[in-house]
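These are the residues of each chain, in order.
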Amino acid sequence: MDALKEKIHAVGRVLSEDVLKVDSFLNHQIDPLLMKQVGEEFANRFSDEVITKVLTIESSGIAPSTFLGLTIGAPVVFARKKKSLTLTNNTYTSQVYSFTKQETNDISVSRDFLSADDNVIIIDDFLANGEAVKGLVDIVNQSGAHLVGVGIVIEKGFQQGGKILREQGLRIESLARIKSLKDGKVEFFEEGEF
Ligand code: 5GP
């Protein structure tokens, strides 16, 4: 997705050979116009599927997911990382090791919002080692829902998550695939290049 790649080139900051900071439009401040385009692009790519629910993880998956939900008319559910007092034991729960925070979190989704009748798409901001997506897939499996596929805003293709999940047969659509963050520069894969 060209607008996304241009934005990353313009304002993304390479923090190290494996971390990209995009908090000016995705992870802290949000660019609603770009997120609207991101939501529409996901809708386009999965237009062959009937989706009843968009599933993501708080907090940075919520913006792109909401614009996808708005475009296709489906509700958005975000997995919570901290047990809230209002989230009772009526939950699906999984564990996710966080690449950026280097800690393991329980993630939970209320059983009220995901069931075996749902056709679910998983959305997240980044794909690195695939831990967040694996946790969300686990939750979808616990619910008995059908998983349509996974939409990722930025995939770091030099890390293993995408490869592992695709080998498991998951359909993964990434809007920007990064080949390298070496020498402080962002290099993208071309469309179709692996
Ligand atoms: P994974 O679970 O695939 O290893 O990592 C994905 C999660 O870690 C995403 O939900 C995202 O929040 C965070 N993450 C991974 N790599 C980066 C990165 O380079 N930059 C930012 N901002 N977040 C990242």
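Residues numbered from 1 in each chain as written. Predicted model: local features only at pLDDT ≥ 70, side-chain atom pairs only at ≥ 80, totals over all residues. Heavy atoms only, no water.

For the chain, the name recorded in an unreviewed UniProt entry is Xanthine phosphoribosyltransferase, with Caryophanon latum as its organism. Turning to the chain, the UniProt record has this under Catalytic activity (unreviewed entry): "XMP + diphosphate = xanthine + 5-phospho-alpha-D-ribose 1-diphosphate". A UniProt comment under Subcellular location (unreviewed entry) is attached to the chain, and it reads "Cytoplasm". (UniProt positions renumbered as here; feature names shortened; annotations may be inferred.)

A. Representation of the pairing of strand β4 (residues 76-79) within the structure. Here β4 shows one buried face, formed by V77 and A79, and one open face, formed by V76 and F78. Here 4 bridges tie strand β3 (residues 53-57) to β4, and the two strands are oriented parallel to one another. Each bridged residue has a counterpart across the sheet, and for I57 the counterpart in β4 is A79. For the handedness criterion, the β-α-β arrangement of β3, helix α3 (residues 62-72) and β4 is classed as right-handed. (Buried < 20%, exposed > 50% of the residue type's maximum accessible area, 1.4 Å probe, protein only. Helix = DSSP H or I, 4+ residues; strand = E, 2+ residues; numbered from the N terminus. Pairing = 2+ DSSP bridges. Right-handed = clockwise from strand over helix to strand, strands pointing away.)

B. Focus on the layout of surface pockets. Taken as a whole, the largest pocket spans an internal volume of roughly 810 Å³. Looking at the largest pocket, it is lined by 33 residues, and the ones nearest its centre are K81, S98, T100, K101 and D125. Of all the elements in the fold, those that place two or more residues in the lining of the largest pocket are β2 (19-21), β5 (91-97), β6 (104-110), β7 (119-127) and α4 (131-143). Ranked by residues supplied to the lining of the largest pocket, first place goes to β7 with 4 residues. Across the lining of the largest pocket, the residue classes break down as 14 nonpolar, 8 polar and 11 charged. Contributing to the lining of the second largest pocket are 15 residues, with S174, R177, E190, E191 and G192 lying nearest its centre. Top contributing element to the lining of the second largest pocket by residue count: strand β9 (residues 172-180), with 6 residues. (1 Å grid on protein atoms, 1.4 Å probe; cavity = no way out; pocket = protein on both sides within 12 Å on 5 of 7 lines; lining within 4 Å. Points joined across faces, edges and corners; volume = space filled by probe spheres on them. Nonpolar A, V, L, I, M, F, W, Y, C, P; charged D, E, K, R; others polar.)

C. Geometry of helix α1 (residues 2-11). Here α1 has its buried residues at L4, K5 and I8. Along α1, the residues classed as buried sweep out an arc of 100° about the axis, all on the same side. Counted as exposed and oriented over 90 degrees from the buried face of α1: D2, E6, H9 and A10. Its buried side turned inward, α1 meets β2, α2 (32-45), β8 (146-156), β9 and β10 (187-188). (Arc of directions from axis to C-beta. Contact = heavy atoms within 4.5 Å.)

D. Quick peek at the pattern of salt bridges. Tallied over the entire structure, the rule returns 13 salt bridges. The shortest N-O distance in the salt bridge between K7 and D31 comes to 3.1 Å. Remark: D31 occurs in the loop between β2 and α2 and K7 occurs in helix α1; sequence separation between them is 24 residues. Among the residues examined, K7 registers a relative accessible area of 26% and is labelled partly exposed. (Salt bridge = Lys/Arg side-chain N within 4 Å of Asp/Glu carboxyl O.)

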